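Coordinate analysis (summary)
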Amino acid sequence: MNRNTIIQILVTGILSIAFVGCTSSEIGESKDVAQDKIYQQYSVSYNQGEQSVGVFSQFRFAGEKGTTLVLTTPSKVELDGTPIQVDSSDYSGAFYRTDEPVNRFYGKHHFIFTDINNKKFENEFSFDQFKLVNVPVTAEKKQPLIIQYETPPLSGEDYIKLASANTDSSFSITHSAVDAPGTITIPVLQLLRQKGKTLSISATLYRRRQLQQNTTEGGKLTISYALNPVTITLK
């Protein structure tokens, strides 16, 4: 076996390993698959300052990495009773997306997925306010920095990610449902590492909700709410 053949085998093996577990962007039609093997995926995302909330739905055959599906009539997905239109891209495959005005979106909503047999799966979620409060203008490097936030209680796999932005000594802190509610502490060690006179931090809330009505294949619903960075002067 010559050297080029060995290299080719090694490259092929590496590429095969790299693609294991990759999510498919192939597109199929829901009429061609077993309806109880359709995986439901929903996500709601918002960035502070934007005028709308992004609402995304996707359906896959045989799990969250399977072939994406266009829902064949009469199959459809609705948000609060309004059908969402299908779209697609080379990277994501087929998906359903709508943008909703944020000032009218806070509160309870529900997705309804209807399969080709007219069986309905309804899943409710709540989109809630998230904000930092009483953010100090200045902070001592030699004392822990307490960041206060307001949002309904975290539960299950929910968490808040607090991260430095545009700094030479970056850090990230994860605050979960098991931590004391209402405050996140930035340790002294992280503050002392900062060489600049200001600290810019961003906060993002992530929530994951169990679907109330599933096919046997399962599914997930995630919500993210990202805040604009805040700047604090360090002393």
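Residues numbered from 1 in each chain as written. Predicted model: local features only at pLDDT ≥ 70, side-chain atom pairs only at ≥ 80, totals over all residues. Heavy atoms only, no water.

The next point concerns the overall build of the chain. Counting its regular elements, the chain contains 2 helices and 19 strands. Taking 235 residues into account, the globule formula puts the C-alpha radius of gyration at 18 Å, and the chain, at 22 Å, lies well above it. Principal-axis analysis of the C-alpha atoms gives the chain an extent of 65 × 65 × 30 Å. Each of the 235 residues in the chain was classed as buried or not, and the buried ones make up 40%. Taking as baseline every contact in the chain between residues at least 6 positions apart, the subset at least 24 positions apart corresponds to 65%. Treating the 23 positive side-chain charges of the chain as one cloud and the 23 negative ones as another, the clouds have centres 9 Å apart. (Helix = DSSP H or I, 4+ residues; strand = E, 2+ residues; numbered from the N terminus. Rg over C-alpha atoms; globule rule 2.2 N^0.38 Å. Buried < 20%, exposed > 50% of the residue type's maximum accessible area, 1.4 Å probe, protein only. Contact = heavy atoms within 4.5 Å. Lys, Arg positive; Asp, Glu negative; His and termini not counted. Charge placed at Lys NZ, Arg CZ, Asp CG, Glu CD.)

Taken as a whole, the chain shows an average pLDDT of 91; of its residues, 91% reach a score of 70 or greater. Predicted confidence is poor over residues 1–21, with pLDDT under 50, and the contacts of this stretch with residues over four places away or in other chains come to 3 contacts. (pLDDT = per-residue confidence, 0-100.)

Attention now moves to the pattern of salt bridges. Taken as a whole, this structure holds 8 salt bridges when the rule is applied. The partner of E150 in a salt bridge is K131, and the shortest N-O contact between them spans 3.9 Å. Placement of the pair is E150 in strand β13 (residues 145–150) and K131 in strand β11 (residues 131–133), with a sequence separation of 19 residues. (Salt bridge = Lys/Arg side-chain N within 4 Å of Asp/Glu carboxyl O.)

Glancing now at the sheet that holds strand β5 (residues 76–79). Whether parallel or antiparallel, the strands of a sheet pair through hydrogen bonds between backbone atoms. Read across the open sheet, the 4 strands follow the order β6-β5-β9-β10; overall the sheet is antiparallel. Looking along the sheet, the strands with just one partner apiece sit at the ends: β6 (82–83) and β10 (120–127). Summarising the sheet, strand β9 (residues 107–114) and β10 pair through 8 bridges and their orientation is antiparallel. Opposite F111, over in β10, you have N123 as the bridge partner. (Pairing = 2+ DSSP bridges.)

Once that is clear, we can look at the packing of aromatic side chains. For the structure shown, the criterion picks out 16 aromatic pairs. When the centroid spacing of 6.0 Å and the interplanar angle of 75 degrees are considered together, the rings of F59 and Y96 count as edge-to-face. Taken as a pair, F59 in strand β3 (residues 52–61) and Y96 in strand β8 (residues 93–101) lie far apart in primary sequence, 37 residues in all. The residues F59 and Y96 share a single accessibility class, namely buried. (Phe/Tyr/Trp six-rings, centres within 6.5 Å; stacked < 30°, edge-to-face > 60°.)

Where strand β7 (residues 86–89) lies against β8, 4 bridges are found, and the strand directions are antiparallel. Across the sheet, the residue bridging to S88 is A94, located in β8.

With that settled, the discussion passes to the pairing of β3. The buried fraction of β3 is high, at 8 of 10 residues. Here strand β2 (residues 38–47) runs beside β3; their pairing, made up of 8 bridges, is antiparallel. Bridge assignment links Y39 to a residue of β3, and that residue is R60. Note: β3 against β8, 6 bridges, orientation antiparallel. Note that in β8 the partner of G54 across the bridge is D99.

P74 follows T73 through a cis peptide bond whose omega is 15 degrees. As for its position among the elements, P74 is in the loop between β4 (68–70) and β5. A positive phi angle, close to 65 degrees, is found at A62, a residue other than glycine. On the secondary structure map, A62 appears in the loop between β3 and β4. With a phi close to 55 degrees, N166 is a non-glycine residue in the positive phi region. Mapped onto the fold, N166 is located in the loop between β14 (159–164) and β15 (172–176).

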